[in-house]
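Architecture and fold: a report
Listed here are the chains, written in short residue letters.
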Amino acid sequence: PAMREEAEHVIWLGGVSKAFSMTGFRVGFARAPRRVLELLEKNQEALISCGVPFAQRGAAAILSDRALAAETIAAAIRTYGRRRDLAVEALTAAGLPPPRALVP
């Protein structure tokens, strides 16, 4: 109940571009009381012409499905881990010590 009361005083601005590997497609969102959203919409119209429709649909899909979001993030972590391992292997093979940040 206290959280619901506080929700009238909270504005949440976020984006999905980096978190869900949509780099380059600027997709953001706002969650706020209706009166605040109406003001934000007026300002938004003057700042941009249109977001990329397929990126907006992708963002809506990922934000509405927690399992899909979790798997997408887990897949990205696995991919980056493989890339890190390849970089460490290549540096080691070349006789160069990998940076400590790369070594798991």
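As a starting point, this report considers the structure included with it. (Residues numbered from 1 in each chain as written. Predicted model: local features only at pLDDT ≥ 70, side-chain atom pairs only at ≥ 80, totals over all residues. Heavy atoms only, no water.)

This next bit is on the overall build of the protein. The number of helices and strands found in the protein is four helices and two strands. Reading the helices (α) and strands (β) of the protein from amino to carboxyl end gives α-β-β-α-α-α. Every one of the 104 residues in the protein was classed for burial, and the buried ones make up 17%. At a minimum sequence separation of 6, the contacts of the protein that also span at least 24 residues come to 37%. On the protein, roughly 8,500 Å² of surface is accessible, and the fraction owed to carbon and sulfur atoms is 61%. (Helix = DSSP H or I, 4+ residues; strand = E, 2+ residues; numbered from the N terminus. Buried < 20%, exposed > 50% of the residue type's maximum accessible area, 1.4 Å probe, protein only. Contact = heavy atoms within 4.5 Å. Areas by Shrake-Rupley, 256 points an atom, 1.4 Å probe, with all protein chains shown as cover.)

Looking now at the side chain of Ser 17. With respect to the element layout, Ser 17 can be found in the loop between strand S1 (12-15) and strand S2 (28-31). Looking at Ser 17, the relative accessible area reads 10%, which means it is buried. Once you skip the residues sitting within four places of it in the chain, Ser 17 turns out to touch Met 22, Thr 23, Phe 25, Arg 26 and Val 27.

Okay, the pattern of salt bridges next. The final tally for this structure, using the stated rule, is two salt bridges. Arg 78 is paired through a salt bridge with Glu 71; the nearest N and O atoms lie 2.7 Å apart. Arg 84 serves as the salt-bridge partner of Asp 85, at 2.9 Å between the closest nitrogen and oxygen. Given the relative accessible area of 37%, Asp 85 is considered partly exposed. Residue classification places Arg 84 among the partly exposed positions, given a relative accessible area of 29%. (Salt bridge = Lys/Arg side-chain N within 4 Å of Asp/Glu carboxyl O.)

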